[in-house]
Amino acid sequence: MQYRLYAPEAINCTIDLPASKSISNRALVINALSGSKQVPENLSDCDDTDVMVAALRDMPYEINIKAAGTAMRFTTALLSVTEGEEHVITGTERMKHRPIEVLVNALRNLGADIEYAGEEGFPPLKIHGKQLVGGRLEIPGNVSSQYISALLMIGPRLTEGLTLHLTGDVISRPYIELTICTMQEFGANVEWIDGSTIRVKAGGYKERPFFIENDWSASSYWYELAALMNVADKNTQISLTGLMDGSRQGDSAIRYMFSVLGVKTAFETKEKLVPTKVALKAQQCTMPRFDFDFINQPDLAQTLVVCTALMGIPFRFSGLQTLRIKETDRIAALKTEMRKLGYLLDDSVEGILSWDGSRCEPDAEPAIDTYEDHRMAMAFAPAAILFPGLIINNPEVVSKSYPHFWEDLKKAGFEIK
């Protein structure tokens, strides 16, 4: 399938953002570990959350997690402490090439019974659930935060709890904080005891109703739209629902990133940690260049790469080492697709992507490949403002995190053929 996109002359809309995938998946695992039959409210309706809901509801022998990396890591840990049950967890062909050895080794050190059902170090996995003792464990801090979160969430179910020491640099710390805060809301005794060590006491979780806020990651594409509409000198009024001021979502930092790019954020209410409506207002941007370390917000990199280049602002974005092992190699994908639009990016230093203003002739009719990666489709869609008729290949990939993205674009006035 292909979509051809045309931007409107003006945008004046209110968008109901999807619920946070990150919080939904954490809440589902913790809710299951608490023994509750009550489903958290305002769950995300994306593919990644749907596969977790189905797995936890049905618990089949073979659990197909499809392309959901978060679900693969979280469910692996959950199944390890599900006593008396045996399951195989698998996924798409791409998932079978996404590494999971660090998590498996950590769980095995806690006593988990896990076998590789295919290639060593990668899914699928065969897991025999049992009671684990726990204790002290070391894991590199520069691995995916999802491994760390997966281990933390089972901590209260271990007979001796868990003391998790993170060695080296700790990346994606806000995602770890989000896990800790969600655990605490379900009654877990978990805290940092120093800058690199987290202690989780045994004792389980308490059943409780839980409401999930909307997704700051999804808001990033609307910030990008506001910025590029301003570049194109088109009128823009965008309001976004269900976002919290003071949110624990790491990607809520998007408001500060886009503030320096001229997009200001106004909350409808001044009350903290209450879902509210947010208004975006674009102003002239005078930034000569933009340097930023994405070590804590890697999922926002694609949006900022596309937007900043199209605004004509040179950049140097670091902290991108985990982008190589996401749904696709996102650094390689960005280089390839931005070239189609006439922008030459540099990735000669590992973990860094930069643009010094170098241009080339854009494709006469650029068609953006999405590489089975939802964020590639959504990050490039706003580029249609400056490239009328831009083609997005395989646009259905957005269902992974934002199923109604294209409907929302139409609501904003975009023509999609």
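Preceding this paragraph is the structure being described.
Just so it is clear, the model here is predicted, and its values are computed rather than measured.

(A) Looking closely at the nonpolar core. Counting 74 residues, the largest nonpolar core has Trp222, Leu304, Met338, Leu341 and Trp406 as the members making the most contacts within it. Here this core takes 10 residues from helix 7 (residues 216-231), the largest share from any one element. Residue contacts for Trp406: discarding those within four places in its chain leaves Tyr3, Leu5, Ala377, Ala381, Ile392, Pro395, Val398 and Ile416. Judged by nonpolar contacts, the second largest core, of 61 residues, contains Ala27, Val29, Ala55 and Val190.

(B) How the structure looks around helix 2 (residues 47-58). When the terminal C-alpha atoms of helix 2 are compared, their 16 Å separation across 12 residues agrees well with the 16 Å that a helix rising 1.5 Å per residue should span. Residues of helix 2 that are buried sit in contact with helix 1 (21-34), strand 3 (62-64) and helix 3 (69-80). Taken from the residues just after helix 2, Met59 is the one with a positive phi, measuring 45 degrees.

(C) Quick look at the side chain of Glu337. Along the chain, the position of Glu337 falls in helix 10 (residues 330-340). Looking at Glu337, its side chain comes within polar contact range of the side chain of Lys340, at 2.8 Å. Side-chain polar atoms of Glu337 contact the side chain of Tyr371, separated by 2.4 Å. When near neighbours in sequence (up to four residues on either side) are disregarded, Glu337 contacts Ala367, Ile368, Asp369, Tyr371, Met376 and Phe380.

(D) View of the packing of aromatic side chains. A complete count under the given rule lists 14 aromatic pairs for this structure. Consider the rings of Phe292 and Phe294, whose centres lie 4.9 Å apart with planes at 70 degrees: the pair is edge-to-face. The class of Phe292 is partly exposed, set by a relative accessible area of 25%. For the ring pair Tyr402 and Phe405, a centre distance of 5.3 Å and an interplane angle of 70 degrees mean the geometry is edge-to-face. Of the two residues examined, Tyr402 and Phe405, each falls in the buried class. One aromatic cluster in this structure is built from Phe290, Phe292, Phe294, Phe315, Phe317, Tyr343 and Trp355. Over the face of the ring belonging to Phe186 we find Arg208, whose NZ or CZ atom lies 5.9 Å from the ring centre. Stacked on the ring of Tyr343, the Lys or Arg Arg359 has its end atom at 4.0 Å from the ring centre.

(E) How the structure looks around the side chain of Asp373. Position of Asp373 relative to the elements: it lies in the loop between strand 17 (367-368) and helix 11 (374-380). Here the side chain of Asp373 touches Arg330 through a polar contact of 2.7 Å, side chain to side chain. Other than its neighbours up to four places away in sequence, Asp373 contacts Gln302, Glu327, Thr328, Arg330 and Val397.

(F) Inspection of the packing of helix 2 against helix 3 at higher detail. Remark: helix 2 packs on helix 3, axes separated minimally by 10 Å, with the N-to-C direction vectors making an angle of 20 degrees. As far as their axial angle goes, helix 3 and helix 2 are roughly parallel. You can see that helix 2 and helix 3 cross each other, and the crossing is right-handed. Contacts from Asp48, Val51, Met52 and Leu56 in helix 2 reach Ala71, Phe74, Thr75 and Leu78 in helix 3. Residues belonging to the contact of helix 2 with helix 3 are distributed by class as follows: six nonpolar, one polar and one charged.

(G) Structural detail: the sheet that holds strand 17. Spatially, 17-18-1-19 is the arrangement adopted by the four strands of the open sheet, whose pairing is mixed. What marks the edges here is a single partner per strand, and that holds for strand 17 and strand 19 (415-416). Alignment of strand 1 (residues 2-6) against strand 18 (residues 390-393), held across four bridges, turns out to be antiparallel. Bridge pairing in strand 18 links Arg4 to Ile391.

(H) Molecular detail of the state of the cysteines. Taken as a whole and judged by the stated rule, the model has zero disulfides. Unpaired in this structure, Cys285 has its nearest cysteine sulfur neighbour in Cys307, at a distance of 8.9 Å. For Cys285, a relative accessible area of 21% puts it in the partly exposed group.

(I) Structural detail: the pattern of salt bridges. In total, this model carries 25 salt bridges according to the counting rule given. The salt bridge partner of Glu327 is Arg330, with a shortest N-O separation of 2.8 Å. When salt bridges that share partners are traced, they join Lys21, Asp48, Asp299, Lys326, Glu327, Arg330, Asp373, Arg375 and Lys400 into one network.

(J) Here's a closer look at unusual backbone geometry. Cis rather than trans, the peptide bond between Pro123 and Pro124 has omega equal to 5 degrees. Position of Pro124 relative to the elements: it lies in the loop between strand 5 (113-116) and strand 6 (125-128). One non-glycine residue with positive phi stands out, namely Lys66, at about 60 degrees. Tracing the chain through its elements places Lys66 in the loop between strand 3 and helix 3. Positive phi is not limited to glycine here, since Ser172 has a value of about 50 degrees. Inspection of the secondary structure puts Ser172 in the loop between strand 8 (162-167) and helix 6 (173-185).

(K) Region of interest: the sheet that holds strand 15 (residues 315-318). In space, the three strands of this open sheet follow the order 14-15-16, with mixed pairing throughout. Looking along the sheet, the strands with just one partner apiece sit at the ends: strand 14 (290-293) and strand 16 (353-355). With strand direction ignored, the average angle separating the axes of adjacent strands in the sheet is 0 degrees. Summarising the sheet, strand 14 and strand 15 pair through four bridges and their orientation is parallel.

Rules used in this analysis
- All residue numbers here refer to positions counted from 1 along the written sequence of the relevant chain.
- Where totals are concerned, whole chains, interfaces and linings use all residues; where local detail is concerned, this predicted model gives features only for residues with pLDDT of at least 70, and gives and counts side-chain atom pairs only at 80 or more.
- Only heavy atoms go into the side-chain values, all of them from the structure, while hydrogens and water stay out.
- Definition of nonpolar core: a set of buried residues of the types Ala, Val, Leu, Ile, Met, Phe, Trp, Tyr and Cys, connected through side-chain atoms within 4.5 Å.
- Relative accessibility thresholds used throughout: buried, under 20% of the residue-type maximum; exposed, over 50%; partly exposed, between the two (1.4 Å probe, protein chains only).
- Elements are defined by DSSP. Helices are runs of H or I of four residues or more, strands are runs of E of two residues or more, and each kind is numbered from the N terminus.
- By definition in these notes, contact holds between two residues if any of their heavy atoms fall within 4.5 Å.
- The span one expects for a helix is its residue count, reduced by one, times 1.5 Å.
- A 3.5 Å cut-off defines polar contacts: any pair of N or O atoms within that distance qualifies, except that in protein one atom must be a possible hydrogen donor and the other a possible acceptor, and neighbouring residues in sequence count only when both atoms are side-chain atoms.
- In this analysis, rings of Phe, Tyr and Trp, with Trp reduced to its six-membered ring, are considered paired at centre separations within 6.5 Å, and the interplanar angle assigns stacked below 30 degrees, edge-to-face beyond 60, and tilted for intermediate values.
- In this scheme, Lys NZ or Arg CZ marks a charge over a ring once it lies within 6 Å of the ring centre and within 35 degrees of the ring normal.
- Angles run from 0 to 180 degrees between N-to-C directions of axes, and those axes are lines fitted to C-alpha atoms, restricted for helices to the stretch in contact.
- Relative orientations are named as follows: roughly parallel for angles under 35 degrees, roughly antiparallel for angles over 145 degrees, roughly perpendicular for angles from 65 to 115 degrees, and oblique for any other angle.
- Two helices that cross are described as forming a left-handed crossing if the nearer one is turned anticlockwise from the farther one by less than a right angle, and a right-handed crossing if clockwise.
- Residues are grouped as follows: nonpolar covers Ala, Val, Leu, Ile, Met, Phe, Trp, Tyr, Cys and Pro; charged covers Asp, Glu, Lys and Arg; every other residue, Gly included, is treated as polar.
- In this description, strands pair whenever DSSP reports at least two bridges between them.
- Working definition: a disulfide is two cysteine sulfur atoms within 2.5 Å of each other.
- Throughout this description, the term salt bridge denotes a Lys or Arg side-chain nitrogen within 4 Å of a carboxyl oxygen of Asp or Glu.

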